[in-house]
Amino acid sequence: MKLTRTLVAIALFGAAGLAQAAGNCTISLKGDDAMKFDLKEATVSAGCATITVELTHTGKLPAAAMGHNVVITKTADLAGLARDAIKAGAAKSYVPEGDARAIAHTKIIGGGEKTKITFPGKALTAGGDYTFFCSFPGHSTLMKGKLVVTK
Ligand SMILES: [Cu+2]
């Protein structure tokens with residue numbers, strides 16, 4: 001009886017430890033023709049070997065009119081990066097080439113399309129102040145949210 005209890009305790013603690021180590025490693029966002037993301041906040045773990053960012057455009061409008069991407073940046077860099085992203089242009093998916101402020105980003109997609117990227121969890125710091133946003137011209141004021149980064 002005593003042994004059983006000990007084993008149960010080990011199993012429970014083991015499972016909790018495992019869950020904490022893995023954390024959440026996928027950010028899944030939907031963008032639409034109303035220039036909105038479905039989430040205002042997402043959470044990922046800096047402990048993930050690989051973080052996956054998935055974007056689905058649930059609208060019908062083409063990328064040239066209502067394109068969406070997901071860019072991850074420090075909140076302090078948001079305004080400057082969003083401004084420079086417009087200058088980068090559509091061919092660069094509205095992300096300045098080699099810009100360290102863009103920690104990770106997908107390409108721009110149009111209605112009915114999906115895209116996915118991965119980046120290392122170690123690019124983020126647990127507890128840091130991060131924002132995800134769409135860098136298509138004029139979208140970043142509405143299409144943005146808080147990225148909570150756990151250990
Ligand atoms: Cu957008």
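These notes cover the structure that comes with them. (Residues numbered from 1 in each chain as written. Predicted model: local features only at pLDDT ≥ 70, side-chain atom pairs only at ≥ 80, totals over all residues. Heavy atoms only, no water.)

### Quick look at the coordination of the copper ion
Note the following rule: Excluding water, the donors of a metal are its N, O and S neighbours within 2.8 Å, or within 3.2 Å for Na, K and Ca, and that exclusion means sites may look incomplete. Think of it this way: any DSSP run of H or I at least four residues long counts as a helix, any run of E at least two long counts as a strand, and we number them from the N terminus. A simple rule labels every residue: compare its accessible area, found with a 1.4 Å probe on the protein chains alone, to the largest value its type can have, and call it buried under 20%, exposed over 50%, or partly exposed in between.
For the copper ion, the full set of protein donor atoms is H68 (ND1), C134 (SG), H139 (ND1) and M143 (SD), at a range of 2.1 to 2.7 Å. Read in sequence order, the donor residues coordinating the copper ion give the pattern H-x65-C-x4-H-x3-M. Placement of H68 in the loop between α2 (63-66) and β4 (71-74) and of M143 in the loop between β7 (130-133) and β8 (144-150) is noted, with a sequence separation of 75 residues between them. Each member of the pair, H68 as well as M143, carries the same accessibility label: buried.

### A few points about the pattern of salt bridges
Pairing between side chains becomes possible if they bear opposite charge and their charged atoms approach one another. Basically, it comes down to this: Put simply, a salt bridge is a Lys or Arg side-chain nitrogen that is within 4 Å of an Asp or Glu carboxyl oxygen.
Applying the stated rule across the entire model yields four salt bridges. Across the pair D84 and K87 runs a salt bridge, and its minimum N-O distance is 3.2 Å. Note that D84 and K87 are positioned in helix α3 (residues 78-88) at a spacing of three residues, about one turn of the helix. Judged by relative accessible area, which is 22%, D84 ranks as partly exposed. Its relative accessible area of 66% is what places K87 among the exposed residues. With a closest N to O distance of 2.9 Å, E97 and K92 form a salt bridge. Since its relative accessible area comes to 67%, E97 is described here as exposed. For K92, a relative accessible area of 39% corresponds to the partly exposed category. By sharing partners, the salt bridges in this structure join D84, K87, D99 and R101 into a single network.

### Some points on the state of the cysteines
The term disulfide refers to a covalent linkage connecting the sulfur atoms of a pair of cysteines. Rules: Criterion for a disulfide: a pair of cysteine sulfur atoms within 2.5 Å.
Summed over the entire model, instances satisfying the criterion amount to one disulfide. Between the sulfur atoms of C25 and its disulfide mate C48 the distance is 2.1 Å. Linking C25 and C48, the disulfide has an S-S dihedral of approximately -90 degrees and is accordingly described as left-handed. Note that C25 is positioned in the loop between α1 (2-22) and β1 (26-31) and C48 in the loop between β2 (41-45) and β3 (51-57), a separation of 23 residues in sequence.

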